[in-house]
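Structural characterization, general
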Amino acid sequence: MGMTVAVANQKGGVGKTLTTANLVRAAAGEGLRVLAVDADAQANLTATLAPEYQGAGLEHSLATVLGSGDRLDAAIVASEWEGVDVVPAGGEDLADAQQTLVIQKAGRELRLRRALASVAARYDLVVLDCPPSLDQLTINALSAADALVIVTDPGQYALNGLDRLLDTIDIVREYTNPALVVAGTIINGYTYTRRMDRWCADIRSAASALGIAVLDPPIHRLTWIAEAQEAGVGLDQWPDPKAAVLHEMYVDKLRAVLAAVGERTR
Ligand SMILES: Nc1ncnc2c1ncn2[C@@H]1O[C@H](COP(=O)(O)OP(=O)(O)OP(=O)(O)O)[C@@H](O)[C@H]1O
Ligand SMILES: [Mg+2]
């Protein structure tokens, strides 16, 4: 049966989209049929995977699905990567759709879940790239997901906001998605400095106290990781043997996420 994974953290610029793209790439390389859903009006995931669909004004997109009840299958486009389909965000139209959801009442948190159910049979894995906010888009994503991956950057403020994210998870579990599993956190953007090591230690002790797994090893901050993302190129395609090693790390992280859900549902 297919699985849905949300990648979230309301903190901006921590590497959610980069992580989503690399987990998607890892899954496709393992032969899974993948649907990547861009739930952020910035449309960065769309820019990576289906750049011609990154703007606003699309006839079909996640914005039209959530905003006006369009069918999800109409919004699915093929990506540049074999085995990977994309639901483009719709750019600023998605921000408008988010606003529309806010003023709606019954069922607004479950729009995405319902839409995904209509295409579930076609995919082994759905990955949802969330915006840097705990808005209705993130709540829709958490309500639709089997598992959540939290991306954290080791910095001074890494743990700020974690309480609010956990509160949101509790609310989602209570009202819309009791089975939501926190698969763990991926530390992204690590560099060898004493300060970074201290921040990583802080993240590890906070995660341990909360019973959240750290999906080791941390992902280093390296220019070519961002370059590959910008070029829409998988790390396994990047002309540097170190990139292939990193691709395998994402395969391992994907397996850990899938296993976390397997344990919960066994
Ligand atoms: N490990 C890394 N090494 C180098 N650059 C990175 C790394 N992780 C992320 N970046 C770069 O940092 C920027 C922010 O990353 P990304 O867009 O994935 O973050 P985000 O959490 O999705 O941001 P937002 O909250 O705006 O959606 C991007 O330009 C990305 O390419
Ligand atoms: Mg992003």
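Refer to the structure printed above.
Reading the values: the criteria
- Residues numbered from 1 in each chain as written.
- Chains lettered and ligands numbered in written order.
- Predicted model: local features only at pLDDT ≥ 70, side-chain atom pairs only at ≥ 80, totals over all residues.
- Heavy atoms only, no water.
- Pairing = 2+ DSSP bridges.
- Helix = DSSP H or I, 4+ residues; strand = E, 2+ residues; numbered from the N terminus.
- Contact = heavy atoms within 4.5 Å.
- Axes fitted to C-alpha atoms, helices over the stretch in contact; angles between N-to-C directions.
- Core = buried A, V, L, I, M, F, W, Y, C linked by side-chain atoms within 4.5 Å.
- Buried < 20%, exposed > 50% of the residue type's maximum accessible area, 1.4 Å probe, protein only.
- Salt bridge = Lys/Arg side-chain N within 4 Å of Asp/Glu carboxyl O.

Moving on to the sheet that holds strand 6 (residues 147–152). Taken in spatial order, the eight strands of this open sheet run 3-4-2-5-1-6-7-8, and their pairing is mixed. Two strands lie at the open edges of the sheet, namely strand 3 (77–78) and strand 8 (219–220), each paired on one side alone. Relative to strand 7 (residues 181–190), strand 6 runs parallel, the two being bridged by six bridges. Note that in strand 7 the partner of Leu148 across the bridge is Val182. Contacting strand 1 (3–8), strand 2 (34–38), strand 4 (84–87), strand 5 (125–129), strand 6 and strand 7, helix 1 (residues 16–29) runs over the sheet at an angle of about 170° to strand 5.

Ranked by internal contacts, the top residues of the largest apolar core, which has 45 residues, are Leu35, Leu94, Leu116, Leu128 and Leu148. Not counting residues within four places of it along the chain, the set of residues in contact with Leu94 comprises Asp38, Ala39, Asp40, Ala41, Leu62, Ala63, Leu66, Ala89 and Leu137. The next biggest cluster of nonpolar side chains, apart from the first, holds 42 residues, and it includes Leu18, Val34, Val86 and Leu235.

Take the pattern of salt bridges next. For the structure shown, the criterion picks out eight salt bridges. Between Asp153 and Lys11 there is a salt bridge, and its shortest N-O distance comes to 3.0 Å. With Asp153 in the loop between strand 6 and helix 8 (162–175) and Lys11 in the loop between strand 1 and helix 1, this residue pair connects regions lying 142 residues apart in the sequence. The class for Asp153 is buried, based on a relative accessible area of 18%. Judged by relative accessible area, Lys11 falls into the partly exposed class, the value being 23%. Taking the shortest distance from any N to any O, the salt bridge between Arg33 and Asp124 comes out at 3.1 Å.

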